[in-house]
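Structure at a glance
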Number of protein chains: 2
Amino acid sequence: MHDELLTIGRFARLCHLSVKQLRHYDDMGLLAPVRVDAGSGYRYYAPEQARDALTIALLRRMDLPLAVIARALDAEPERRAGILRAERDRLAERISRDQARLAMLERLAEGGLPGHEVTLGREPDRRLAVVRTVCTPAETGTGVGDCAGRLLAALGRAGIAWEPPLWGLYPLDLDERMAIAVGAQTPPGEGLPGLEFAELPGGPVAETVHIGPYAQLPLAYHALFAAVHERGLRPRAPVREAYLVGPAEAPPEELMTRLIIPVQESPA
Amino acid sequence: MHDELLTIGRFARLCHLSVKQLRHYDDMGLLAPVRVDAGSGYRYYAPEQARDALTIALLRRMDLPLAVIARALDAEPERRAGILRAERDRLAERISRDQARLAMLERLAEGGLPGHEVTLGREPDRRLAVVRTVCTPAETGTGVGDCAGRLLAALGRAGIAWEPPLWGLYPLDLDERMAIAVGAQTPPGEGLPGLEFAELPGGPVAETVHIGPYAQLPLAYHALFAAVHERGLRPRAPVREAYLVGPAEAPPEELMTRLIIPVQESPA
DNA sequence: CTGGACTCTCCCCCCGTGGGAGAGTCCACG
DNA sequence: CGTGGACTCTCCCACGGGGGGAGAGTCCAG
């Protein structure tokens, strides 16, 4: 073999890693030097270790966590490919999240929040046929789509006409287990099998209209909640969304959504 | 005014922040409660503070650092837009970096490293007309393009023909200040004004061919360096790249680059 | 043998947040 | 007027993936 061992500094330059990194990888058991001098504690690496070190450097440059790299190095080639695929998916998801953030930031940077004029008004009592589910904030998109599908299917089966728009009902607090609902107003007096009904009491509300993709709803809610709190009003659940122009009718940029927050009766 | 103050828990639910976060923002001076009870230390927030808290929550959700959020909250609206634009650019850059990583990870996950077969051989002596620069690893792309432009312009001015391919010369260690060079082989005996020459001594080399975008060169280098170290060879600077099919001739997916690492004379 | 380059361990720092311990406070209900 | 439970306080530790530096020890070439 090629027995000449390398000091940590030489090995670090060879593998494009820092001395600190190599020591860290040793401490955590990811890449131990072949020999550690008992007296001085000096670490000595073998040239054959360069392959692993280079692999670590490569995967770190792709931002894989060290724990994942450790698993990938130990695993058989097939399992390794699976691990890499999982990481790829994780990265792809992060990119799409970042792209949504970028779009919001773009909108914020250019001209603030145009169109988010908040108005105070009154809503009438409403009675909606609803379908409910529980989901996390991240799953809201699919959760609502799912509910809407089930609602329309149930209404269709029953042969009942409904009045647009579709409504969404949301809690005030975005917990991990959010109870949400999608509903539609139906002609009065109808009893529908297998459908719940929700009574929405009328009263004073604050509202605004959001135009754009649903991923940018937080911008509109920000303006809405800020206005509510500035007027000393207290929001009350459930928050209501009316899907004036929905995903079936227009591209994401042209979606139109009315956001309504019921507030406490005027505090005199 | 609306004088009723809110405890930290209530305020946290209102603004979609955690109690821990609010305490942290207080400690760091980002958002201090309007009143802190001298005896109990209880924090009390005014409803008017909800706007700032909501803004913080919104910007945090876009991953802005708290320090940046603090500057944005204090700044005038015009400066605020500037800050947001800067963050937008930062995020956009991160996305493009992540996309490059994703492409590499994709290639790694699917079938490992096809085509990176490393061969050992010998290179002849070469004499190149070169243009040099110093750049960071991240700027390599523009640095090389810049050098190539200046090189071709100088050769064109002098009316000298050159033999494809173009060459790139790189140090072994990727420091922050990397001295790189781009060169071309010219007919022998030519003296060119304003151009440096580099003598590339021949000898044993390890080489491979990379097909694909330059962003994925690290994959090929990984295979190359791993093979070199596994054979107990020592790489020597400068590393050479021959741009067989360059960006002017083909789309990124079809770029073809020969990577050559000179190694020490056979270790017996 | 000496000086300079290298290496060792150990500790603190970054960022933003979560978790938990142990103690104190507030408020609504009985 | 208690009391229990929900709330809050401060303080410390943890994460990940290192960087920076102090102070001491080691290696090797001249």
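Note that the coordinates shown come from a computational prediction; the quantities given were computed from them, not determined experimentally. Residue numbers restart at each chain and count upward from 1, following the sequence in its written direction. Chain labels run from A onward and ligand labels from 1 onward, assigned in the order the entries are written. The predicted origin of the model limits local features to residues at a pLDDT of at least 70 and limits the giving and counting of side-chain atom pairs to 80 or more, whereas totals for whole chains, interfaces and linings rest on all residues.

**Considering the overall build of chain A**
The helix and strand labels rest on DSSP assignments: H or I over at least four residues marks a helix, E over at least two residues marks a strand, and numbering proceeds from the N terminus. The secondary structure content of chain A amounts to 7 helices and 11 strands. The C-alpha radius of gyration of chain A comes to 28 Å, more than 25% above the 18 Å expected for a compact globule of 268 residues. Projected onto its principal axes, the C-alpha positions of chain A cover 90 × 45 × 30 Å. A total of 268 residues make up chain A; the buried ones form 29% of that total. At a minimum sequence separation of 6, the contacts of chain A that also span at least 24 residues come to 68%. To get the radius of gyration, use the C-alpha atoms; to get the globule rule, take the number of residues to the power 0.38 and multiply by 2.2 Å. Around each residue's C-beta, the other C-beta atoms within 10 Å are counted; 20 or more make the residue buried, 12 or fewer make it exposed, and counts in between make it partly exposed. All C-beta atoms are placed from the backbone. This entry defines residue contacts through backbone-placed C-beta atoms, with two residues in contact when those atoms are within 7 Å.

**Details of the protein's contact with DNA strand C**
The environment of DNA strand C is formed by 21 residues, the closest being Thr7(A), Gly9(A), Gly41(A), Arg43(A) and Pro65(B). Among the secondary structure elements, those contributing two or more residues to the surface near DNA strand C are α1 (8-15) and α2 (19-27) of chain A together with α2 (19-27) and α4 (66-74) of chain B. In this classification, Asp, Glu, Lys and Arg are treated as charged, Ala, Val, Leu, Ile, Met, Phe, Trp, Tyr, Cys and Pro as nonpolar, and every other residue, Gly included, as polar. Within the surface near DNA strand C, the residues separate by chemical class into 7 nonpolar, 8 polar and 6 charged. Being near a molecule or strand means, for a residue, that its C-beta atom, positioned from the backbone, comes within 6 Å of it.

**Some points on the protein's contact with DNA strand D**
Among the 21 residues in the neighbourhood of DNA strand D, the closest are listed as Pro65(A), Thr7(B), Gly9(B), Gly41(B) and Arg43(B). Looking at the surface near DNA strand D, the elements that each hand over two or more residues are α2 and α4 (66-74) of chain A together with α1 (8-15) and α2 of chain B.

**Looking at the relation of the copies chain A and chain B**
Its rotation angle being 180 degrees, the transformation that places chain A on chain B also includes 0.0 Å of axial translation and leaves an RMSD of 0.1 Å. The operation mapping one copy onto its partner corresponds to a two-fold rotation axis. Distance from the rotation axis, computed per C-alpha, reaches its smallest value in chain A at Ile95(A): 3.1 Å. Most of the interface of chain A is mirrored in chain B, where 100% of its interface residues again form contacts. Alignment of the copies relies on least squares applied to C-alpha atoms, considering only residues that score at least 70 for pLDDT in both.

**So, the nonpolar core**
Residues Val182(A), Leu224(A), Cys15(B), Ala53(B) and Leu54(B) are the most contacted members of the largest nonpolar core, which totals 59 residues. Among the elements that take part in this core, helix α7 (residues 217-230) of chain A stands out by supplying 9 residues, more than any other. Sequence-distant contacts of Leu54(B), defined by excluding residues within four places in its chain, comprise His222(A), Phe225(A), Ala226(A) and Cys15(B). The term nonpolar core means buried Ala, Val, Leu, Ile, Met, Phe, Trp, Tyr and Cys residues held together as one set by C-beta atoms within 7 Å. Membership of the second largest hydrophobic core comes to 58 residues, among which are Ala50(A), Ile56(A), Leu200(B) and Leu233(B).

**Regarding the environment of Leu54(B)**
Here Leu54(B) lies in helix α3 (residues 50-61). C-alpha of Leu54(B) to C-alpha of Cys15(B): the two residues are 39 residues apart in sequence and 5.3 Å apart in space.

**Digging into the sheet that holds strand β8 (residues 196-200) of chain B**
Residues and elements named next belong to chain B. At least two bridges found by DSSP between two strands are what make those strands a pair. Ordered in space as β4-β9-β11-β10-β6-β7-β5-β8, the 8 strands form an open sheet in which the pairing is antiparallel. On the outer flanks of this sheet lie β4 (119-123) and β8, each paired with one strand and no other. With direction set aside, neighbouring strand axes in the sheet form an average angle of 35 degrees. With 5 bridges connecting them, β4 and strand β9 (residues 203-211) associate as antiparallel partners. Fitted lines through C-alpha atoms give the axes, limited to the stretch in contact for helices. The angle between two N-to-C directions lies from 0 to 180 degrees.

**Re helix α7 (residues 217-230) of chain B**
Across its 14 residues, α7(B) extends 20 Å between first and last C-alpha, which sits within 8% of the 20 Å expected from 1.5 Å per residue. When you tally the buried positions in α7(B), you get 11 out of 14 residues, the bulk of the element. Taken residue by residue, α7(B) has Leu219(B), Ala220(B), Tyr221(B), His222(B), Ala223(B), Leu224(B), Phe225(B), Ala226(B), Ala227(B), Val228(B) and His229(B) as its buried positions. Where α7(B) is buried, its residues touch α3 (50-61) of chain A together with α5 (77-109), β9 and β11 (256-262) of chain B. One less than the residue count of a helix, multiplied by 1.5 Å, gives the span that helix is expected to have.

**Here's the deal with the packing of helix α5 (residues 77-109) of chain A against α5(B)**
Two elements in contact, α5(A) and α5(B), have axes whose closest approach is 9 Å; the angle formed by their N-to-C orientations is 160 degrees. Considering the angle they form, α5(A) stands roughly antiparallel to α5(B). Seen along the crossing, α5(A) lies across α5(B) with a hand that is left-handed. For classification purposes, an angle smaller than 35 degrees is called roughly parallel, one larger than 145 roughly antiparallel, one from 65 to 115 roughly perpendicular, and anything else oblique. In a left-handed crossing the near helix is turned counterclockwise from the far helix by less than a right angle, and in a right-handed crossing that turn is clockwise.

**Some points on the pairing of strand β7 (residues 178-185) of chain B**
All names here are of chain B. Note: strand β5 (residues 126-135) against β7, 8 bridges, orientation antiparallel. Looking at the pairing, Cys 135 lines up with Met 178 of β7. Both strand β6 (residues 163-170) and β7 contribute to a ladder of 4 bridges, which runs antiparallel. Bridging across to β7, Gly 168 finds its partner in Val 182.

**Quick word on the interface of chain A and chain B**
Taken together, the 40 residues of chain A in the interface contact 40 residues of chain B. Going through the elements one at a time, α3, α5 and α7 of chain A are the ones with two or more residues in the side of chain A that touches chain B. For the side of chain A that touches chain B, the element with the most residues is α5(A), which contributes 18 residues. Residue composition of the side of chain A that touches chain B, grouped by class: 19 nonpolar, 7 polar and 14 charged.

**So, the pairing of strand β9 (residues 203-211) of chain A**
Pairing between β9(A) and strand β11 (residues 256-262) of chain A: 7 bridges, direction antiparallel. Bridge assignment links Ala206(A) to a residue of β11(A), and that residue is Ile261(A).

**Side note on the sheet that holds strand β1 (residues 6-7) of chain B**
Residues and elements named next belong to chain B. In space, the 3 strands of this open sheet follow the order β1-β3-β2, with antiparallel pairing throughout. This sheet does not close on itself; its edge strands, each paired only once, are β1 and β2 (35-36). Examined bridge by bridge, β2 and strand β3 (residues 43-45) share 2 bridges and lie antiparallel to one another. Across the sheet, the residue bridging to Arg 35 is Tyr 44, located in β3.

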